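# Reading the structure
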Amino acid sequence: MSPPQRERRQPENDETKDPERLYVLTGGPDGAERAPLDLVTMVVSRTEPTPTVQPEQAAILRLCQAPLSVAEISAYLSLPFSVVTALLTDLLATDLVESRAPIVRAALPDRSLLEAVMHGLQKL
C-alpha cells in the first residue's frame, strides 16, 4: 500500500499568480535597497496596522503579533519570498516591525560551563 499523496494547497484566489499584482506590491524595480532578510529572520510587529498601509502589510502586522520567520510569513500569505522582503523593507523603514536574526545555538554558552560557574558561585 502506498502512502496517501498530498495535494498542493491552492490559493483561494488566483491573484497571487498575477505578475502585475506582485509588481505593484513591490513597487517595481526602483533600485531601492532591500533589508538584509533571509528565510529564518524573525519579525515581530511593533504596532497595530494603520489605515495607510497596504492590505498585505496590514496582514503582516496582524500575523506578527508574536515573532514569525520570513518563511512563515511568506507561506501564510502565499506570496513569494522576494515580495515579502520588499513589503517588510517598507515596514522596517517606518518602524512598524522589528527584525532580528535567530539565536544560533553555537553562540550560546556551553551548559557544563554554566553549571561550573553556578557551582563555583554557590561555594562562595
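The paragraphs below set out a description of the structure included in this document. Just so it is clear, the structure is predicted and the values come from calculations on it, not from any experiment.

About the criteria used
Residues numbered from 1 in each chain as written. Predicted model: local features only at pLDDT ≥ 70, side-chain atom pairs only at ≥ 80, totals over all residues. Heavy atoms only, no water. Helix = DSSP H or I, 4+ residues; strand = E, 2+ residues; numbered from the N terminus. Buried < 20%, exposed > 50% of the residue type's maximum accessible area, 1.4 Å probe, protein only. Contact = heavy atoms within 4.5 Å. Areas by Shrake-Rupley, 256 points an atom, 1.4 Å probe, with all protein chains shown as cover. Expected span 1.5 Å × (residues − 1). Axes fitted to C-alpha atoms, helices over the stretch in contact; angles between N-to-C directions. Parallel < 35°, antiparallel > 145°, perpendicular 65-115°, else oblique. Nonpolar A, V, L, I, M, F, W, Y, C, P; charged D, E, K, R; others polar. Pairing = 2+ DSSP bridges. Left-handed = near helix turned anticlockwise from the far one by under 90°.

### Section: the overall build of the protein
- Along the backbone of the protein there are five helices and three strands.
- Listed N to C, the secondary structure of the protein is α-β-α-β-α-α-β-α in terms of helices and strands.
- Relative to its 124 residues, the protein shows a buried fraction of 27%.
- In the protein, of all internal contacts separated by at least 6 residues, the share reaching a separation of at least 24 is 64%.
- Accessible surface for the protein amounts to roughly 9300 Å². Of this, 57% is attributable to carbon and sulfur atoms.

### Description of helix H4 (residues 81-93)
- Taking 1.5 Å as the rise per residue, H4 with 13 residues should run 18 Å; its terminal C-alpha atoms sit 18 Å apart, in good agreement.
- Where H4 is concerned, the buried positions are Val83, Val84, Thr85, Ala86, Leu87, Leu88, Thr89 and Leu91.

### Focus: the packing of helix H2 (residues 55-63) against H4
- The N-to-C vectors of H2 and H4 enclose an angle of 75°; their axes lie 10 Å apart at closest approach. Classified by the interaxial angle, the pair formed by H2 and H4 is roughly perpendicular. In contact with Glu56, Gln57, Ile60 and Leu61 of H2, H4 contributes Leu87, Leu88, Asp90 and Leu91.
- Each residue belonging to the contact of H2 with H4 can be placed in one class, and the counts come to five nonpolar, one polar and two charged.

### What about the sheet that holds strand E3 (residues 97-100)?
- Taking strand neighbours across the sheet as the criterion, the three strands line up as E2-E1-E3 in an open arrangement whose pairing is antiparallel. Only two strands of the sheet have a single partner each, and these edge strands are strand E2 (68-69) and E3.

### Things to note about the packing of H2 against helix H3 (residues 70-77)
- For the pair H2 and H3, interaxial distance at closest approach is 11 Å and the crossing angle is 125°. Considered as vectors, H2 and H3 are oriented oblique to each other. Classified by chirality, the crossing of H3 by H2 is right-handed. Here H2 contributes Glu56, Ala59, Ile60 and Leu63 to the contact with H3, which in turn contributes Ile73, Tyr76 and Leu77.

### Side note on the environment of Leu87
- Looking at the secondary structure, you find Leu87 in helix H4.
- For Leu87, a relative accessible area of 0% gives the class buried.
- For the pair Leu87 and Gln54, spaced 33 residues apart in sequence, the C-alpha separation works out to 9.0 Å.

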